[in-house]
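The primary structure of each chain is shown beneath.
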Amino acid sequence: MTADSGDAPTVLSELREKAGTRLDPVHRDFFEGGADAEIALAENERAFRRLALLPRILRGSGPADTAVTLLGDRAALPVFVSPTAFQRLAHPDGELATARATAAAGTVLITSMASTTAVAEVTAAARAVRADAAVWFQLYLQPSPEVTDALVRRAERAGCGALVVTADSPVFGHRARDDRNGFHDLPAGFAAENMRDLPGAPQGGTLDIAMSPGLSWDDLRRLRAATRLPIVLKGVLHPDDARRAADEGVAALLVSNHGGRQLDAAPATVEALPAVVAAVGDRLPVLLDGGVRSGSDVVIALALGATAVGVGRPVLWGLAAEGEAGVARVLEQLRAEVAHVLTLCGARDSGDLTRDQVVVRGLGVAEC
Ligand SMILES: Cc1cc2nc3c(=O)[nH]c(=O)nc-3n(C[C@H](O)[C@H](O)[C@H](O)COP(=O)(O)O)c2cc1C
Ligand SMILES: CCCCC(=O)C(=O)O
């Protein structure tokens, strides 16, 4: 009996299991793994389970509307696809399958700089499904400004609608599973396609993605001056950094600990969210990713002030298990669950949710 454990199978957990049987175990470890003891990885999911939703009743809210606006783009659900590297290791169609399914679901795709498909092909695949599909480009600022600049031009030319700058990776996280498996390079036949033909790249080859502890707010300012695209800052956890980012003119923040793959002592993202929302929630949209596995998780984050949330691994599970159809199933399942949970909470849309509707399990409910 597992009735009281909260571990009943779901569509997502079944896709995860199926993905596990299909993937090369070394690649499964790369996708599933986190940094060091994998505490942040586990806590991202557990923290949602420590929270409960206080529903409101008899509000006559009618059918739920799950749509939100993200930097001017309409998303049919408050869930976007977070950037994940090397998707062709999950399925031969890789990033193209993810792009098509995400466009069909009507939400935002953040495509990784470390993709195994070039960004122009990713945006073309999304636009073939939906002419106004929103694709944002995730960027690791490179120590060489010429290289960063070339990547930005590439994303602009491909028609990306925003740059998502990942700032939680001054060095690469220590991944024990990858060390054990000796997984440090893409297998033959796969490459980080966005890194081809950049200044300094070997003829016909790719440049390695650099992570640099020397990056600072000055580099972000330089980037802002070099592009008209809005900038989303990914990896914000400290409220003072959130304030600084807002002062620097960033368009949105993404509260993230990189899916527990960088600083293992980082807090669960849903536990870091309220302080960031309190600091800047009235100035710019605050997004979150990490551990989102159900409509309840999404609605908890929205009630705490997030505008939308991202999913990383669930998309990889769908992709590895069933390709484009699997990614479509993940997004449709989350959309349906969000609509259902909103209705059960007496909310027509995320704007009806309030902070007091999220309570910590085991502590009772405080007076509002
Ligand atoms: C296999 C894998 C690859 C990732 N690659 C990137 C990346 O290239 N760039 C980036 O900013 N974040 C990357 N991330 C982090 C995700 O964008 C996201 O923050 C995280 O996966 C969210 O947590 P979740 O997997 O629990 O949904 C990666 C995560 C995973 C699991
Ligand atoms: C250079 C590849 C970066 C991938 C990444 O961000 C991750 O594995 O978490």
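Residues numbered from 1 in each chain as written. Chains lettered and ligands numbered in written order. Predicted model: local features only at pLDDT ≥ 70, side-chain atom pairs only at ≥ 80, totals over all residues. Heavy atoms only, no water.

1. Observations regarding helix H10 (residues 269-280)
- Under the 1.5 Å per step criterion, the end-to-end length of H10 is 16 Å for 12 residues, consistent within 8% with the ideal 16 Å.
- Within H10, the full set of buried residues consists of Thr269, Val270, Ala272, Leu273, Val276, Val277, Ala279 and Val280. Looking straight down H10, one finds its buried side chains confined to an arc of 155°; they lie on one side.
- For H10, the secondary structure elements touched by its buried residues are helix H3 (39-49), strand E1 (51-53), helix H9 (239-247), strand E9 (252-255), strand E10 (286-289) and helix H11 (295-303). (Helix = DSSP H or I, 4+ residues; strand = E, 2+ residues; numbered from the N terminus. Expected span 1.5 Å × (residues − 1). Buried < 20%, exposed > 50% of the residue type's maximum accessible area, 1.4 Å probe, protein only. Arc of directions from axis to C-beta. Contact = heavy atoms within 4.5 Å.)

2. Topic: the site of ligand 1
- Taken together, 24 residues lie near ligand 1, and Pro83, Ser112, Thr166, Arg293 and Gly312 sit nearest.
- In this structure, His258 approaches ligand 1 through a side-chain N or O atom, which is 3.4 Å from a nitrogen atom.
- One of the side-chain nitrogen or oxygen atoms of Arg293 is found 2.7 Å away from an oxygen atom of ligand 1.
- Considered on its own, ligand 1 offers 600 Å² of accessible surface; in the complex 98% of this is hidden by protein.
- Elements represented by at least two residues in the shell around ligand 1 include exactly helix H2 (25-32) and helix H12 (313-344).
- For the shell around ligand 1, the element with the highest residue contribution is H12, accounting for three residues. (Near = heavy atom within 4 Å. Polar contact = N/O pair within 3.5 Å; in protein donor to acceptor, adjacent residues only side chain to side chain. Areas by Shrake-Rupley, 256 points an atom, 1.4 Å probe, with all protein chains shown as cover.)

3. A closer look at the site of ligand 2
- Surrounding ligand 2, one finds Phe30, Ala85, Ala114, Tyr140, Phe172, Arg175, His258 and Arg261.
- Taking Arg175, its side chain carries an N or O atom lying 3.0 Å from an oxygen atom of ligand 2.
- Between ligand 2 and His258 there is a distance of 2.9 Å, counted from an oxygen atom to a side-chain nitrogen or oxygen.
- Considering ligand 2 on its own, with 290 Å² of exposed area, one finds that the protein chains cover 87% of that surface.
- Across the shell around ligand 2, the residue classes break down as five nonpolar, one polar and two charged. (Nonpolar A, V, L, I, M, F, W, Y, C, P; charged D, E, K, R; others polar.)

4. What about the environment of Arg74?
- The residue Arg74 is located in strand E3 (residues 73-75) in this model.
- On the basis of relative accessible area, Arg74 is assigned to the exposed category, the value being 60%.
- Sequence separation between Arg74 and Asp132 is 58 residues; the distance between their C-alpha atoms is 9.6 Å.

5. Considerations on the side chain of Ser212
- With respect to the helices, strands and loops of the structure, Ser212 is situated in the loop between helix H7 (176-181) and helix H8 (217-226).
- Within the structure, Ser212 has its side chain in polar contact with the backbone nitrogen of Gly214 (distance 3.2 Å).
- What Ser212 contacts, discounting residues up to four positions off in sequence, is Pro143, Ser169 and Pro170.

6. With respect to the pairing of strand E8 (residues 231-236)
- For E8, the tally of buried residues reaches six of six residues, placing the bulk of the element in the interior.
- Relative to E8, strand E7 (residues 163-166) is paired through four bridges, and the arrangement is parallel. From the neighbouring strand, Thr166 faces E8, where its bridge partner is Lys234. (Pairing = 2+ DSSP bridges.)

7. Describing the pattern of salt bridges
- According to the stated counting rule, one finds 19 salt bridges in the structure shown.
- Note that Arg177 and Asp29 form a salt bridge whose closest N and O atoms lie 3.1 Å from each other. Placement of the pair is Arg177 in helix H7 and Asp29 in helix H2, with a sequence separation of 148 residues.
- Between Glu332 and Arg335 there is a salt bridge whose closest N-O contact spans 3.0 Å. You can see Glu332 and its partner Arg335 sitting in helix H12, three residues apart, about one turn around the helix.
- We classify Arg335 as partly exposed; its relative accessible area is 29%.
- Residues joined in a network through salt bridges with shared partners are Glu43, Arg46, Arg50 and Glu271. (Salt bridge = Lys/Arg side-chain N within 4 Å of Asp/Glu carboxyl O.)

Any functional reading would require information beyond the geometric quantities listed.
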